[in-house]
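Each chain is listed here by its residues.
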Amino acid sequence: MFRRCVLVFCFFLAHRCGAADVQYCPFFGNRGPSPQPNLQNCSWFNENSCCLNEEINSIFPTVLPPDRASQTCRDYIRFQMCFVCDPAQASYYANDQLTLCEEYCNDMYSACAEAVLEGQTIGQTYSTGKEYCQALSFAVAPQSSGECFTFDPANSGSRLLPNLWLVLVAALFFGRATGTSRGVGLLLVVLTLFAVRGRGQAVTEANVRDWAQAIGSNLVQLAEDGLQVKETQNLVNENSFLIEDVSGPEMVHRIASGLEHFFNRKLVAAQQLAAEAKKLYEDYRNSGDYVDPSNTERTVAPNQGLGTTYSDADFPSSLPPTTYSDVFKKKVSFERSVVKFPDSVSRGDARAAADVKWTDGLDELFKKNYNNDSSLRWQYFASPRGLVRIYPSYEWERNFAGFHRDYDPRIRPWYVSSTSGPKNVMIVLDCSSSMSGARWQIAKAAARTILNTLTQQDYVNAICARGSYWSYYSHYRYFTTRTLGCLKSGLLPATTSIKRDLMEKIDEIEPDGRSLFVDAMRKTMDVFQLSKPPLKGKCQNVAIFLTDGLRQDGNDVRCEQGYYTYSYSNGHVTRTYHPGRKCNEEWDEVWEELETRNPFISDKVHFFAYSVVSGDTGRSLPSRVACQNYGSFGELHSPFNTYENLTNYYNFLSLSTMTTSLVWTAPYIDVFGLGLLVTIAVPVYLENSQEVVGVVGIDATLEGIENLLNARTWGSVYSFLINQDGDTVIHPRLRPSANLVDDPVYPKIQELEQSRGEPAAFSSVLSDMLAGKEGSASVTGPRFVAKGDFQDGFEFRTQQSIYYYAPVNNTGYYMAINIPLLDAQYHQADQPANVSKLPTTYYYRIDEYIGALKNDFPGALAALDVRENVPGYADLRIAFGKSVVKLAPRAFCDPLRFLVEEYPGTVDVHRFLNSNSNTTANPGCAAAATTYARAIRPASQLTSKFETIWSNRPANLPVRIASSYVGTQSGLWRVLPGFVVSRSFDPTARPWFKRAVANPAKLALSPVYLDAGGVGKVVTLSEVIFQAPPVPGVNQSVDCGSSDSKPATCSCASNSDCSSSVCRLGRCTSEHPFGVVGIDVRYSDFHRYVVSLTDQKCGSTYRCASNSAKQCQTRCYLVDDLGHLVLDEDIGTADDADERNYLNVPFGYREGKVMTDLVYNKGVFERSVVRDYQGLCDVAPYAPRVTNEGVVFTAEEERQYVLTRGDIRKFQSQFGCVQDVVGFSDVVAKAVGVLQGSAKGPCGEGNYFVSAVPETNLYLVVIDNWNGDAAKNAFNFNCHIANRVSTAGAFRVSNQTCSQDVEARANDDEQCPALRSYTPPCVQNNRAFSHVYSSFVVVSSAIVTLVLAL
């Protein structure tokens, strides 16, 4: 028995102390490997794999082998790609850098020498395997190093976990030690861990009440001693504050004008680029180098004749020297632009080569534009041949196999929308049985490509066409043709949510059924002809039909029921089964449906039909559908190179439309790595020939627009931006653009600004905004307040506020600002008295003070006392001598420039903050050529006094304080000790700030989180510091009276005496927060301290009262007002790498039965559900990290990572989705006294007590006689269910667009571009077709005309 306990203990030590030796998977975020018996790829890792089947299925299809690669070459590439599944990958993959063994590189090089990569064979381009692997951005090392990837099937499963050796050795060692003092000593340690105490007095209601009181009073005292709230509040009260009236109309006009200027500068730059591209092309067209675009036969030697400054994004050696740019978040060169060829376009194509040469002349304008407007991002020109020229230049991104990712601009929404204008598109999919397998994959890929190239100015729907049938053995299988979009009789705006919904529904389809298409064609024609409301405007009407064109759907699909016949012979009855007749479809009804309707629609429907089988077999149906309906026919042979497959469709769109309009795209995720962007796209045409020259694009980040919009807000004032359809682009209730991983779905503004239709007056505000009006409106109704982090949600409070709104001219956007009555005036600190005696303030860039600026500030080194890797602050550079100040982007008059350049620099900020000039020397952002917001320097001067208070607090605190800080409403953050944070850091956006503001009368404690400075798990205590109230004027006084709602400065005995609900220092505070002070305390100290306040009863173990054979425990939890755990003994033992077990853990996840009782029976908490249209879902189920090795935490680590990382990026496990966010919040009126109940349920048993912890946002939950043995059973599914019923979290919603109020919308007449007289070429049954209808159609036309006349 002793040896068994020792073995368990040693295994615990091996897991906790030998974490560096644990196998983990850095490609998948440091989770641990696990058995995956069903791997379809890389199956040699079935027994222990880093990857899951759904993950490799999502990434392997994105990698295509080089052209002409042999099977052996393909195998080597596949083996290398399988490194993502190798449980030993941590030995050769780190910091996005994959190291291959040189021997493996040589073998792969030999196998792939004849394969063609970037236009040349690998053997011609590279001389050795090492050179080839390095060209793919892999590091190379000899196999003897033991730190590189190789592949040996014989040994792939023989690796042994290093920690297992530790366990075995420990077991043997201690096995021999039994009976010795050493063994007894270890036994005592083990027994201490699992000690069982005798049962003392049972927990009573009085115990819990006393403990809650003790915890509350001691935490408040800890906050007083640690936060020094009274002292800091006294300092703020001694300071005067300036109060300014705010002109809402002037403010909204200034913000709208700023946004207009921001957009207009990009528009002008794009127009100049388009004009220059047109001029360059005309010069080229008139030169002797001109290549007719229709000449597909002419070729040149690869990479020849491309100009002297040719730089290819796929050839790093052709690029000028690059350096890392904070603006573009990668290594770039501003010396010149770079070109990128799609994989489907040969560098030997003479037309593409000519495009490279003549577009080289755009470089000077690229540079000029960027110098004139540093908020520009990518500038580019794309040609109809698929070539794109981009500035600045950089090497293209690689996939995890080392090949450069493909990119074809012609299938990007900005290209298609600018060359075709708005269009109406119906996708008709053949979903019958014969489409199974590869055919369906091809059809899905084509549909996805078409959907991805649509923009919100387009309209779309999709139809799954099939019919019912009898199976071979006469089972009737019911199928019907159905419209996939939420609107069954019309087209939907092609927003991100609509497109994503259609894609998901197409992905869910399993091909089955009979090939019946007449209903699909009837539905299609009804949409275009009878849509309610009718489609208007002259936009192109397009239907795309994807089918195999086969008349039969296989042996199992029958058009009649089978039957039996009986025969009698030699005394025996023989029964014979006869299957029903095979279906052999005729298409007459399809022809008739189209040929009797399409000719008589004023805006004809152009059918583009594609067969997913080659040859004549499937040609008859789709070719006739296309060629007799103003369209074109083609064949699809693979799910790749989708533009080439759909060329006739895209050519038609550009050649049949005369559009010169500018297009602002909806925000989308940049494929070049800059996050969320908007693009201004300008088509370039030659008017005389109507030839499409290409498209110019210029990008701007949404983060820049967010900062412009929010730079001038204060207090609880907020602003938002919507588009012309009322979709919300920027809003405080949406995720910041930097946190998105996928093209976002934008909710209607009503869903964010109204709660159950209130305030009703907002509907009039929205109507005015969408009409382009500028104005204001006062409303009273529910107004949201953030409760903490984004996932914590919002609560609504009835308030009076004013909306000020204005259009952002010439953009299609509209903005508004909401100012509550409380913040109708702008409050800011005035400059303190005796500023010359204030301590020196240091900027947060301590790395610069001790480095490049050491000579500029010679005393800084000693004053800051910077140390590295101090115990308790691992991997962090800390300034212990002084606090440091960080300014949020909105603290600057030009927040965009600060984000881009970190302008002004440390020297300028330091001198500004330490200037003794009065505030008139800094008039603020209302004045021209001003750098800093007016409130910043006074806030810095006032908070500099906090440093002395923090340094002089009591030395005998019961917990260790990791850091102390204050964040002000103006965006200033001061922290002691000082360290570097990210450039975009804004204290007012942090959960601790929002949580304190949402609970102004209480001490706010955060759930546990991992400190970014390497301290470990911490809890934050934060509290609001209020502005000093205004001093009454001459002959004025404050009427304190005897009211229960006294104004600021009146004497008070409790919070309930004051209108602000806060009584501090015996006086009512103002209602205006100056900022929030906070301290971070180590969780281990916090847990120990709180347990000590319960007489050590929490965590004690004893024999269960109901069954003395079982072990029970007094289990204690601290739960915050949102239902998250702040204290739980399991959090202390949770691995730092496994965030799920300590970060925002819902109480219901631990004690589902108790939480359910508190919600539905006791009424302590109430449940809320909010729809998140920009949620984050995971490809695979959650798996915890097993180590934090290589994980970036601090800003300095992040900086080092981006400068040194490799090109093989980690797996992106998240994608955008729509979720219902379930949350809980306390109902204060219900939390009176001590509540009791039974905790007995499927997970365990016990009796619980609940009490609010006074003056905090916490509840104490104590479960007496707690036994959780039942929860340890992995097959106790009832326990899993119980712990999910009342658990907060985000849950994915499918078919999300159906839950919205979706209506068909039609293109306005003025939005539709002029149409050209263009007939696409069409081949029907191997012969050209001229779109002339048969005599049947002519006769039908005459009949219809006669009927109409009658």
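Numbering of residues starts from 1 in each chain and follows the order in which that chain's sequence is written. Only residues with pLDDT of at least 70 are given local features in this predicted model, and only at 80 or more are side-chain atom pairs given and counted; all residues enter the totals for whole chains, interfaces and linings. Values shown for side chains rest on all heavy atoms present in the structure; no hydrogens or waters enter the calculation.

**Student:** Whenever I open this one, the overall build of the chain confuses me. Can you help?
**Tutor:** By definition, any uninterrupted DSSP run of H or I lasting at least four residues is a helix, any uninterrupted run of E lasting at least two residues is a strand, and each is numbered from the N terminus. When helices and strands are counted, the chain shows 37 helices and 57 strands. Summary of the burial criterion: residues with accessible area below 20% of their type's maximum are buried, those above 50% are exposed, and those between are partly exposed, where the area comes from a 1.4 Å probe applied to protein chains only. The 1350 residues of the chain split such that 55% are buried. We call two residues contacting when some pair of their heavy atoms lies within 4.5 Å. Once local pairs closer than 6 in sequence are excluded, the contacts in the chain between residues at least 24 apart make up 73%. Here the chain displays about 56100 Å² of accessible surface, and carbon together with sulfur accounts for 50% of that area. For the area figures, the Shrake-Rupley method with a 1.4 Å probe applies, and any residue is considered shielded solely by the protein chains shown.

**Student:** How should I be thinking about the sheet that holds strand β31 (residues 794-808) in this particular structure?
**Tutor:** To summarise the sheet geometry, strands pair through backbone hydrogen bonds and adopt either a parallel or an antiparallel arrangement. In this description, strands pair whenever DSSP reports at least two bridges between them. What the five strands build is an open sheet, ordered β29-β28-β32-β31-β30; its pairing is antiparallel. In this open sheet, the two edge strands, each paired with only one partner strand, are β29 (728-730) and β30 (775-786). If you compare each strand with its neighbour and ignore which way they point, the axes differ by 40 degrees on average. Inspection of the sheet shows β31 paired to strand β32 (residues 813-820) by eight bridges, in the antiparallel sense. If you follow Y803 over to β32, its bridge partner there is N818. For helices, the axis comes from a line fit to the C-alpha atoms of the stretch in contact; other axes are also lines fit to C-alpha atoms, and the angle between any two N-to-C directions lies between 0 and 180 degrees. In this fold helix α11 (residues 248-285) packs onto β28 (718-723), β31 and β32, with an angle of close to 60 degrees to the strand it touches most, β31. Across the sheet, helix α24 (residues 762-770) touches β28, β30, β31 and β32, and the angle it forms with β28 is around 55 degrees.

**Student:** Would you explain the state of the cysteines in this entry?
**Tutor:** Linking two cysteines covalently via their sulfur atoms produces the bond known as a disulfide. Cysteine sulfur atoms are paired as a disulfide whenever they fall within 2.5 Å. Inspection of every chain in the model, using the stated rule, returns 16 disulfides. Put simply, C1058 and C1068 are joined by a disulfide, and their sulfur atoms are 2.0 Å apart. Every disulfide takes its handedness from the sign of the S-S torsion; for C1058 and C1068 that torsion is -80 degrees, giving left-handed. With a gap of ten residues between them, C1058 in the loop between β42 (1017-1026) and β43 (1063-1064) and C1068 in strand β44 (residues 1067-1068) connect regions that are remote in the sequence.

**Student:** Before we go on, may I ask you to explain the packing of helix α15 (residues 438-452) against helix α16 (residues 496-508) in this structure?
**Tutor:** Helix-helix packing is characterised by the crossing angle of the two axes and by the distance between the axes. At a minimum axis separation of 10 Å, α15 and α16 run at an interaxial angle of 175 degrees. With respect to α16, the axis of α15 lies roughly antiparallel. Taking contact as the criterion, the partners of W440, K444, A447, R448, L451 and N452 in α15 are, on α16, K499, L502, M503, I506 and D507. An angle below 35 degrees is read as roughly parallel, one above 145 as roughly antiparallel, one from 65 to 115 as roughly perpendicular, and any other as oblique.

**Student:** Just checking my understanding: could you explain the nonpolar core for this structure?
**Tutor:** As a rule of thumb, nonpolar side chains are buried together in soluble globular proteins. Counting residues in hydrophobic clusters, the biggest one holds 82 residues, and the most contacted among them are W378, W414, I705, L721 and M815. Sort the elements by how many residues they give to this core and α11 lands first, with 16 residues. Beyond its immediate stretch of four places on either side in the chain, W414 contacts Y380, A382, Y407, P409, T665, Y668, T679, A681 and V695. Buried Ala, Val, Leu, Ile, Met, Phe, Trp, Tyr and Cys residues form a nonpolar core when they are joined through side-chain atoms within 4.5 Å. Grouped together as the second largest cluster of nonpolar side chains are 77 residues, L1003, C1098, L1260 and V1262 included.

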